[in-house]
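Results of the structural survey
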Amino acid sequence: MIKNREASAMVRMAFIFILSWSSSICAQNDIARDLFADYKSAVLQIRIIDLTSGSKSAIGSGFPVNESGLIATNYHVIQLAASEPQQYRIEYLTETNKTGKLRLVDVDVINDLALVEAVDFEGQFMQLATQEPEIGMPVYALGNPLDLGLTVVPGTYNGINRASYLPRVHFTGSLNPGMSGGPTMDRQGQVVGINVATAGNQVSFLVPVSRLQTLVSDYRARGMAIENMQLRIGEQLMAEQQEKFSSLFAHNWQAISLGEAQVLDELAPFVKCWGGSNSSDDKAQFLSADRSCRSEDNIYMTSTFATGILEYQFIWLEANQLNSWQFYNYYERLFGDFAPGNRAGEENVTRFQCDHGFTRQFGGRQNKNVFCLRAYKDYPKLYDILFLQGSVDDKENALISHFTLAGVSKENGLAFTRKFMEVSQWQ
Amino acid sequence: MAVIIEVLGWGGKRRQYFKVDADQVSIGRGYDNDIVLSDPHISENHLRLNACGDGWVITDLDSLNGLQVIKNPSTDESIFTSGAEIKLGHTKLRLVAESHPLEDTKMLHRLERDTSKLNRLSVWLPLLVTVFATQLLSVYVSTLEEWEWKNAIPVIVSAQLAIFVGAIFWSLLGRLVRHEAHFLGQYSLILLASLLFTGCSWLLSTLSYNFSSALFGDMVQQLASMSILLLLLSANLTLATNLSSRARWSGCAAFVGVVVIIGSVGQMKSWGEFSPFPQYSSTLAAPALLVVEGQTSEEFLANIDPLFQLVDKAALEK
């Protein structure tokens, strides 16, 4: 399933229906028609069957990548079966209504990919493109939106999205729930990406085909299915955060001013900052200006558990008309309001444990620090860290600094905290 | 020989007594008796007492319901000595001689004397003004908009009204039980407790802010409020009733216990529940209230290690 709400997907479908009468995309439709006819038998519906009820619990799409029945799909499509193999099995359904069992052989949780294998599979497979298409090239997504049957969606290839840390192709076309795991092809019928997510209004994302090639060649080299999926996922998460934080620590962190303070600027191109203040509010008795930065790289773990995000936030406060007691009263309320930006449930993580303490900077500023931590139950040595710092020695001004790191090791978490405290300063 | 006949009420307490200085005393519902009782189960002429040595001989005058002996200290069954208890119909009587020994006079409990002193305008008025000022201050401090009296007055008036209703309740109870209302005294007690509560929670939160120790956490806060409630109830009861100090304290403790149990039952559902949000102490206070000196960031981070061990251990307990 594409990670979006179904209701909004339905609205977008109606929108496309209207647009498809426009003559400007008539030429595309001819190619779409040919590709659909040529490859319809190579796009499968992937179904997750609940063993107790015998009915499908989730559906997505997938496609064979070799003659021996190795099928690519999204990790989030088969996640239920990967987490609870005793409760779910995986099946495919072809365009001609043939079904068969599938066995999970490998996953790439970072890139939301999975490889499943069919026994005695006979049929067409798809070629993976070896070159990235140019930006602006028409491409065609295939899949089973909302279980309506195989559908082709023409769109435009817009290159690797620079605003995300995880490589994702920006596809201008509408992907809908159920199309996840299906292929997006160029005119020649070569797969250029795997359907994965949508941000609504024709903004959709594909996993670059190069990631699938890596996963397939790893599997060929190994020659056998992964036995311990949990261990495999844990290793992938650990390696991904190691690579991400090494690259973050490798360069200088720039500061930008907020009020009288210096705070951390956009750390990398994939971290986006937004800001706001209450300056335009005539009735406001105090000034509050904030800067919130966030990477949108959610790694899908389960429908209630995401990891991989990085977010930080700064709030500058000035008392103005408030006296010191009133000001600290408000400041305290604000300080108690922080929560981690990623979702997680009891089966995924421990409860948060927090440490509190005062620190004094070399410049003389005294801060209250809150360091909260929860561990991942299935993936040892990975944590979510929530850090909160507030200045406490000025009667009329205050700076709150906060960050959440999801899925980080102890070393990287502590190193990030150290550097964060150094860079964000108010002298 | 004079005889004193006590009519006993609930719990063996004296409700009424008659003293007759004669060797023969008649008891019954009829007006011609020496002692006239109103219990409808008592016959018109029920019985007669005749002095005999240290005690009395009782003659039943053919009464309908007869006589039941509850207690008789005498060794001779036919003679009733001082302290004997009998029951006629539904009425319990005790026969006492003038020379019957008395318990020592009890000194007033210190609390009882001191709480009576509170029943004065000169105590009540300053307390009222202080509580009013404290409430006003706390409303003022938590106001983030431009100050408007219309926003503050409902808060303060409703709090004062609650205290007033409490005082009315206790003074009505005192009026009924002890024929003493002690309205100002009860009012002052509740005001005093509310001041104590405000001061205590302010002190604890300031301590918890500075030392972020579990020693000043929620548990201690609740313990403090329950102790204040216990003291207040006990003092209210002292003014309003004649309970013995043991009965009073155990009654108050039982009440506070019930409050604690009700509170815990209400929260029981959330015990051990998972929360995706961190529970951290968000207390911040004006710089004037901060007395501790901060560590360096390095020192703070060096102490984080046990936290990792704690969550690692929790992660293993699936």
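In what follows, the accompanying structure is described. Predicted model, so just to flag it, every value in this text is computed and none were measured. (Residues numbered from 1 in each chain as written. Chains lettered and ligands numbered in written order. Predicted model: local features only at pLDDT ≥ 70, side-chain atom pairs only at ≥ 80, totals over all residues. Heavy atoms only, no water.)

Our next topic: the layout of surface pockets. Its boundaries defined by the atoms lining it, the largest pocket holds a volume of some 1300 Å³. Together, 38 residues line the largest pocket, and A:Glu332, B:Ser201, B:Trp202, B:Ser205 and B:Thr283 are the ones closest to its centre. Looking at the lining of the largest pocket, the elements that each hand over two or more residues are helix H6 (324–335) of chain A together with helix H2 (121–141), helix H4 (183–211) and helix H5 (218–240) of chain B. Ranked by residue count, the leading element in the lining of the largest pocket is H4(B), at 10 residues. Class assignment for the residues of the lining of the largest pocket results in 17 nonpolar, 19 polar and two charged. (1 Å grid on protein atoms, 1.4 Å probe; cavity = no way out; pocket = protein on both sides within 12 Å on 5 of 7 lines; lining within 4 Å. Points joined across faces, edges and corners; volume = space filled by probe spheres on them. Helix = DSSP H or I, 4+ residues; strand = E, 2+ residues; numbered from the N terminus. Nonpolar A, V, L, I, M, F, W, Y, C, P; charged D, E, K, R; others polar.)

What follows covers the state of the cysteines. Residue and element names in this part refer to chain A. What the rule picks out here adds up to two disulfides over all chains. In this model, Cys273 is linked to Cys293 through a disulfide, with the two sulfur atoms separated by 2.0 Å. Because the torsion about its S-S bond is 105°, the bridge between Cys273 and Cys293 counts as right-handed. Of this pair, Cys273 sits in strand S15 (residues 271–277) while Cys293 is found in strand S16 (residues 287–295), placing the two residues 20 residues apart along the sequence. Here Cys273 falls in the buried class, since its relative accessible area comes to 14%. Cys293 sits in the buried class, given a relative accessible area of 2%. The residue that forms a disulfide with Cys354 is Cys372, at a sulfur-sulfur distance of 2.1 Å. The sign of the 110° torsion about the S-S bond sets the Cys354-Cys372 disulfide as right-handed. You can see Cys354 sitting in strand S20 (residues 353–360) and its partner Cys372 sitting in strand S21 (residues 366–375), a full 18 residues away along the chain. (Disulfide = S-S within 2.5 Å. Buried < 20%, exposed > 50% of the residue type's maximum accessible area, 1.4 Å probe, protein only.)

Moving on, we come to a negative patch on the surface. Residues A:Glu84, A:Glu346, A:Glu347 and B:Glu273 make up a contiguous surface patch of negative charge. In this structure, A:Glu347 sits in the loop between H6 and S20. Look at A:Glu347 and you get exposed, because its relative accessible area is 51%. (Patch = residues over 30% accessible without salt bridge, like charges linked within 9 Å, V, L, I, M, F, W, Y side chains within 5 Å. Areas by Shrake-Rupley, 256 points an atom, 1.4 Å probe, with all protein chains shown as cover. Salt bridge = Lys/Arg side-chain N within 4 Å of Asp/Glu carboxyl O. Lys, Arg positive; Asp, Glu negative; His and termini not counted. Charge placed at Lys NZ, Arg CZ, Asp CG, Glu CD.)

This paragraph deals with the nonpolar core. In a soluble, globular protein the nonpolar side chains are often hidden away together inside. One finds A:Ile78, A:Tyr312 and A:Phe371 to be the most contacted residues of the largest nonpolar core, which totals 82 residues. Apart from the residues within four sequence positions on either side, A:Tyr312 is in contact with A:Leu264, A:Asp265, A:Glu266, A:Leu267, A:Val271, A:Cys273, A:Arg291, A:Ser292, A:Cys293, A:His402, A:Phe403 and A:Phe420. (Core = buried A, V, L, I, M, F, W, Y, C linked by side-chain atoms within 4.5 Å. Contact = heavy atoms within 4.5 Å.)

With that settled, the discussion passes to empty space enclosed by the protein. Following the criterion strictly, the structure yields four cavities of 30 Å³ or more and no others. For the largest cavity, the calculated volume is near 60 Å³. The wall of the largest cavity is formed by A:Gln361, A:Arg365, A:Asn367, A:Gln389, A:Gly390, A:Ser391, A:Leu399, A:Ser401, A:Ser424, A:Gln425 and A:Trp426. For the lining of the largest cavity, the secondary structure elements donating two or more residues are strand S22 (383–391) and strand S23 (397–408) of chain A. For the lining of the largest cavity, the element with the most residues is S22(A), which contributes three residues. Partitioning the lining of the largest cavity into residue classes produces two nonpolar, eight polar and one charged. In terms of lining, the second largest cavity is formed by B:Phe197, B:Cys200, B:Ser201, B:Leu204, B:Gln221, B:Ala224, B:Ser225 and B:Ile228.

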